[in-house]
Amino acid sequence: MSVQTIISLALLTWTIGNARATQKPEDSMDNNFSPATVKVIVEAEIVEETMQTGELNPHHYPAQRAARAVQHYINTRYGSPFKVFMINKVHSGNAEDINNAGRKYQLEISFQEIISNSTHKCSAEVLFPRGEIQGSPEVSVLCEELETLNTTKDDEALYQKLKTRQSMVVAQNLPDSHGHIDPDMKPLWYLGIVASSFIMLKESTENTLYNMAQVGNVTQLATETDELKFDYFILLHDMVSQEIIRWKLQINWSPLEGVKVQQMEKMPHCHECKKPPNTE
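Residues numbered from 1 in each chain as written. Predicted model: local features only at pLDDT ≥ 70, side-chain atom pairs only at ≥ 80, totals over all residues. Heavy atoms only, no water.

1. Overview of helix α5 (residues 186–203)
The terminal C-alpha atoms of α5 lie 25 Å apart, and with 18 residues this matches the ideal 26 Å at 1.5 Å per residue to within 8%. Here α5 lies mainly inside the structure; 14 of its 18 residues are buried. (Helix = DSSP H or I, 4+ residues; strand = E, 2+ residues; numbered from the N terminus. Expected span 1.5 Å × (residues − 1). Buried < 20%, exposed > 50% of the residue type's maximum accessible area, 1.4 Å probe, protein only.)

Below, the structure is given as structure tokens:
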């Protein structure tokens, strides 16, 4: 699979998840735009508005960037193979400088749980720390509705199915070059989105905009504990630089304990790579 194809898949996923959060044609990042055009649009907004304080345009980069950090945070807290959140709409936003601590964003956001297609409004604060070595953003969310979303029945059914398999599940290229995912593999794709949110939250700054492009491969590992264990190879799309960034993850999951990232490793840049490892 070519890098261009992977970027196109990433743009398609990004567009679907953000179609309701954008208003202007130039903000929509429609999949008809070339990656170069998307790069120009994103970079222009970063240069123009990243340092803005006070009331923010909820459709522009600063508010959307901060809202994306909240999205990743919510997925790390509440996500599962049957519960994945994406931004539906940023209603309002404000930004202020906090002395030497960084820049704080206050946001009103609606999130869409993409499997049940339910929408939930939340209030959030995001602090992007300032310094030579920028740490992960600090996120706090008030969104009581998320506690009421119960996917225990579906989670438990998948857990038992995978726990009692005679052979470990292995899947590659989710989605494939045509954007297709086998229905049986969709829970592993959603689990990959949740796992990638741990990376994207950790790596987020005021100058980044990430999207998960593809699960290159996922392998279930043998384990003697009650939790299931998986190795994931994930491709992230950096919307600013247009690079595909490769990460290896090892995660545990069970309906009781949720998703836990045990290991994460950023792989070296590979501008010529056309396929993730082990997909021949």
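From this point, the narrative continues.
2. Structural notes on the sheet that holds strand β3 (residues 102–113)
The strand order β1-β2-β3-β4-β5 describes an open sheet built from five strands, whose pairing is antiparallel. The sheet is open, and its two borders are formed by β1 (54–56) and β5 (138–142), each paired with just one other strand. Strand-to-strand twist in this sheet, taken as the mean axis angle between neighbours without regard to direction, amounts to 20°. Pairing analysis gives five bridges linking strand β4 (residues 118–129) to β5, with the strands arranged antiparallel. Of the residues in β5, the one forming a bridge with S123 is L142. (Pairing = 2+ DSSP bridges. Axes fitted to C-alpha atoms, helices over the stretch in contact; angles between N-to-C directions.)

3. Some remarks on the packing of aromatic side chains
Scanning the entire structure with this criterion turns up three aromatic pairs. With a centroid separation of 5.7 Å and 90° between ring planes, the pair formed by Y105 and F128 is classed as edge-to-face. Taken together, the residues span a long stretch of sequence, with Y105 in strand β3 and F128 in strand β4 at a distance of 23 residues. Relative accessible area serves as the criterion here: at 1%, Y105 is assigned to the buried category. (Phe/Tyr/Trp six-rings, centres within 6.5 Å; stacked < 30°, edge-to-face > 60°.)

4. Details of unusual backbone geometry
Across the junction of L174 and P175, the peptide omega takes the value -5°, indicating a cis bond. Relative to the assigned elements, P175 resides in the loop between β6 (170–174) and α5. Located in the positive-phi region is N117, a residue other than glycine, with phi close to 60°. Its location among the elements puts N117 in the loop between β3 and β4. Phi is positive for N173, which is not a glycine, with a value near 50°. Note on placement: N173 falls in strand β6. The partly exposed category is assigned to N173, whose relative accessible area is 21%.

5. Some thoughts on the packing of helix α3 (residues 61–78) against α5
The geometry of α3 relative to α5 is characterised by a closest axis approach of 8 Å and an angle of 135° between their N-to-C directions. When the axis of α3 is compared with that of α5, the two are oblique. Crossing angle aside, the handedness with which α3 passes α5 is left-handed. In contact with A69, H72, Y73, N75 and T76 of α3, α5 contributes V194, S197, F198, M200 and L201. Taken together, the residues of the contact of α3 with α5 sort by class into six nonpolar, four polar and no charged. (Parallel < 35°, antiparallel > 145°, perpendicular 65-115°, else oblique. Left-handed = near helix turned anticlockwise from the far one by under 90°. Contact = heavy atoms within 4.5 Å. Nonpolar A, V, L, I, M, F, W, Y, C, P; charged D, E, K, R; others polar.)

6. Brief notes about the environment of L127
Counting through the fold element by element, L127 comes out in strand β4. In this structure, the C-alpha to C-alpha distance between L127 and P137, residues 10 residues apart in sequence, is 5.5 Å.

7. Points about the sheet that holds strand β10 (residues 258–266)
Spatially, the five strands line up as an open sheet ordered β6-β7-β8-β9-β10, and their pairing is antiparallel. A single partner strand is all that each edge strand has here, and the edge strands are β6 and β10. For this sheet the average axis-to-axis angle between neighbouring strands, irrespective of direction, equals 25°. The pairing of β6 with strand β7 (residues 210–221) spans four bridges and is antiparallel. Residue pairing for β7: Q172 is matched across the bridge by N217.

8. Quick look at the pattern of salt bridges
Per the stated rule, a full pass over the model turns up seven salt bridges. Across the pair E206 and R103 runs a salt bridge, and its minimum N-O distance is 2.9 Å. You can see E206 sitting in the loop between α5 and β7 and its partner R103 sitting in strand β3, a full 103 residues away along the chain. As far as burial versus exposure is concerned, E206 and R103 are alike and both buried. Within this structure, D97, R103, R130 and E206 form a network of salt bridges that share partners. (Salt bridge = Lys/Arg side-chain N within 4 Å of Asp/Glu carboxyl O.)

9. Structural notes on the nonpolar core
Grouped together as the largest cluster of nonpolar side chains are 34 residues, with contacts concentrated most on F230 and Y232. Secondary-structure elements contributing two or more residues to this core are α4 (152–163), β6, α5, β7, β8 (228–238) and β9 (244–254). A per-element tally of this core places α5 first, with nine residues. Apart from residues no more than four positions distant in its own chain, F230 is found in contact with L162, V169, L188, L191, V218, T219, Q220, L221, L249, Q250 and I251. Judged by nonpolar contacts, the second largest core, of 26 residues, contains I87, V90, Y105 and L146. (Core = buried A, V, L, I, M, F, W, Y, C linked by side-chain atoms within 4.5 Å.)

Just distances and angles here, no functional claims.
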